Amino acid sequence: MVDTDARTAWQLFHLNWLPIAAMGSLLALGLAFTGLSLEPVAYWVTLAVAAVLLALAYGHRIVKGELADPKLLFSLGTIGQITLTCAIVGPLSYVAAKLNWPLQDQALLAIDRALGLDPEPIARYVNDHPWLADCLARGYGLIKLPLLGIPVVLALTAHYMRLQLFMLAMSLALAVTIAISAVVPAIGTYWGLQLSAAHFPEINTAVYAGQLRDILALRDGSLHEIQLFFLAGIVSFPSFHAASAVLYMWALWPVRGLGGIAAALNLLMIAATPVIGAHYVIDVAGGIAVAAASIWAAKFYLEWHRRAQQTSAAPAPSAVWQPGLAE
C-alpha cells in the first residue's frame, strides 16, 4: 500500500476495532448481568464468517506487505468488521431493553403531536393509498444491502478513507443509539396510539409486530435466549433506520453515478420509517442527529490524527533558533 491515503485508511481500520471491542465487552457483561443467553449455532456461524473474512484480509497484508491490494484488503476486512459488529449490536440492543426503564411512548407521541405530526393521520393516509404503502415497505427494507455493498463500492472506487470513516461513524452511531434506547425505551406508534396493527391492513406491520413481541417478552421475563437470525429491530428512539440512511448517503455521495441514486433510495427509507409502526417522527429526527454527530466525530478524529502525524514528522528545530537550549 504505497498510497498515503491507503496507509492512513489502514491505520483507521485498526482504530475501528476500539468501538467494536467496547460494544463486545458490554455485550458480555450485559449477558451475565441480565441472564440472557445467545443461541450458540447461529452466533458461532456468524463469528466464523467474520473470522474468515478478516483472516483473508490480514493474511493478504502479511504475505504481500506493501504490495497488498487495498481494494481486496479493505473490502474483505471491512465486511468482516461489519459482520462482527452486527453480531454484537443486535443482541446488545436486547440487553439494553432488558434494563426495563419506563416506556416513553406517550412522551414521544406528545412531541410528535406538538410538532403537528400526529402519526395516526399519517398512517391512515398511507393505508388509504396501497401503492404508497407498498413503496414505503420496500424502502424500509433497504437497510441491509448497503452494509455489504458500501465496502465493495468504496474499495473498488479507491475511496479507502471514506470507507473507514463510514465504519467508524457507523460504530459510534450504533453505540450511541443503543445507549439512548436503554433509557428512552419505546414500543412504537401503534402502541402509543393504543391501536392494533389491524387498523392499517394495507401497511406491512411485520416490523412493528416483531418489536412488540420481543420488547414485551423481555420486559415480562419470558424471553431468555437471543436468536441472532431472528432478531427484531427493537430500538425505537433514536431510529437507526434514519441514522443508517444518512450514513449511507454520506458514504456513497462521492461515487460518480451512484451518489444521487443512493440519496434518493435512502430518502425513501427515511420517509418509510415513521409509517410502519415502530417509530415516531421524533425518532427519525433523533436518528438523523446521531448520524450527523457520528460523522462529525469521525472526521474530527481524522483531522486530529493528521495534525498529530504532521507534528511528529516535523524536523526538530535547530539549536541556532533555540538560544536558551543551546546555552
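Residues numbered from 1 in each chain as written. Predicted model: local features only at pLDDT ≥ 70, side-chain atom pairs only at ≥ 80, totals over all residues. Heavy atoms only, no water.

**Student:** Can you walk me through the overall build of the protein chain in this structure?
**Tutor:** Looking only at helices and strands, one finds 15 helices and two strands in the protein chain. For the protein chain, the spread of C-alpha atoms along the three principal axes comes to 80 × 45 × 40 Å. Across the 327 residues of the protein chain, 50% fall into the buried class. Summing over all exposed atoms, the protein chain offers an accessible surface of approximately 15500 Å²; the carbon and sulfur share of this is 69%. Averaging the coordinates of the 16 positive side-chain charges in the protein chain and doing the same for the 18 negative ones gives two points 8 Å apart. (Helix = DSSP H or I, 4+ residues; strand = E, 2+ residues; numbered from the N terminus. Buried < 20%, exposed > 50% of the residue type's maximum accessible area, 1.4 Å probe, protein only. Areas by Shrake-Rupley, 256 points an atom, 1.4 Å probe, with all protein chains shown as cover. Lys, Arg positive; Asp, Glu negative; His and termini not counted. Charge placed at Lys NZ, Arg CZ, Asp CG, Glu CD.)

**Student:** Can you help me understand the pattern of salt bridges in this one?
**Tutor:** Close approach of charged atoms allows side chains of opposite charge to pair. This model, assessed by the stated rule, comprises six salt bridges. Where Asp118 meets Arg113, a salt bridge forms, and the shortest distance between an N and an O atom there is 2.8 Å. Put simply, Glu120 and Arg124 hold a salt bridge, and the shortest N to O gap is 2.9 Å. Taken together, the positions of Glu120 and Arg124, both in helix 6 (residues 119–127) and four residues apart, correspond to about one turn of that helix. The class of Glu120 is partly exposed, set by a relative accessible area of 21%. Owing to a relative accessible area of 34%, Arg124 belongs among the partly exposed residues under this scheme. Through salt bridges with shared partners, a single network forms among Arg7, Arg61 and Glu66. (Salt bridge = Lys/Arg side-chain N within 4 Å of Asp/Glu carboxyl O.)

**Student:** Would you explain the environment of His199 in this entry?
**Tutor:** Residue placement: His199 occurs in the loop between helix 10 (189–193) and helix 11 (206–220). As for His199 and Asn16, which are separated by 183 residues in sequence, their C-alpha atoms are 44 Å apart. If near-sequence neighbours (up to four positions away) are discounted, His199 is found in contact with Arg124 and Asn127. (Contact = heavy atoms within 4.5 Å.)

**Student:** Just to check I follow, could you spell out the confidence of the model for the protein chain for this structure?
**Tutor:** Predicted coordinates in regions of low pLDDT should not be interpreted in detail. Per-residue pLDDT for the protein chain has a mean of 91; in total, 94% of the residues score no lower than 70. Per-element mean pLDDT across the protein chain ranges from 34 in helix 15 (residues 323–326) up to 97 in helix 12 (residues 240–252). Within the model, the stretch residues 316–327 combines pLDDT values under 50 with two contacts to residues more than four positions away or in other chains. (pLDDT = per-residue confidence, 0-100.)

**Student:** Can you walk me through the nonpolar core in this structure?
**Tutor:** Within soluble globular proteins, side chains that are nonpolar generally end up buried alongside one another. Counting residues in each nonpolar core, the largest one holds 103 residues, and the members touching the most others are Phe74, Ile150, Phe166, Met170, Ile203 and Leu247. In terms of residues, this core owes the most to one element, helix 4 (residues 70–97), which gives 14 residues. Residue contacts for Leu247: discarding those within four places in its chain leaves Phe166, Ala169, Met170, Ala173, Ala291 and Ile295. (Core = buried A, V, L, I, M, F, W, Y, C linked by side-chain atoms within 4.5 Å.)

**Student:** Would you explain a nonpolar patch on the surface in this entry?
**Tutor:** Together, Val41, Val45, Val49, Phe229 and Phe230 give the surface a local cluster of nonpolar side chains, amounting to about 520 Å² of exposed area. Mapping Val41 onto the fold places it in helix 3 (residues 40–64). (Patch = residues over 30% accessible without salt bridge, like charges linked within 9 Å, V, L, I, M, F, W, Y side chains within 5 Å.)

**Student:** What should I look at first to understand the environment of Ala169 in this one?
**Tutor:** Looking at the element boundaries, Ala169 is found in helix 9 (residues 160–183). Sequence-wise, Ala169 and Leu268 are 99 residues apart; in three dimensions their C-alpha atoms are separated by 21 Å. Apart from residues lying up to four places away in sequence, Ala169 is in contact with Leu247, Ser294, Ile295 and Ala298.

**Student:** How should I be thinking about unusual backbone geometry in this particular structure?
**Tutor:** Trans is the prevailing form of peptide bonds, just as negative phi is the prevailing case for residues other than glycine. Of note, the bond from Phe237 into Pro238 is cis; its omega dihedral lies within 30 degrees of zero at -10°. The topology assignment puts Pro238 in the loop between strand 2 (225–226) and helix 12. Positive phi is not limited to glycine here, since Asn100 has a value of about 60°. Topologically, Asn100 is positioned in the loop between helix 4 and helix 5 (105–114).

**Student:** Any chance you could explain helix 3 here in plain terms?
**Tutor:** The α-helix advances 3.6 residues per turn, and as a result positions three or four apart in sequence lie on the same side. Between its first and last C-alpha atoms helix 3 spans 35 Å; for 25 residues at 1.5 Å apiece the expected length is 36 Å, and the two agree. Considered for burial, the residues of helix 3 that qualify are Ala42, Tyr43, Thr46, Ala50, Leu53, Leu54, Ala57, His60 and Arg61. On its buried face, helix 3 is in contact with helix 1 (4–15), helix 2 (17–34), strand 1 (37–38) and helix 4. Measuring from the side-chain oxygen of the N-cap residue of helix 3 to the backbone nitrogen of Val41 gives 3.1 Å; that N-cap residue is Glu39. Positioned one or two residues after helix 3, Gly65 has a phi angle of 60°, which is positive. (Expected span 1.5 Å × (residues − 1). Polar contact = N/O pair within 3.5 Å; in protein donor to acceptor, adjacent residues only side chain to side chain.)

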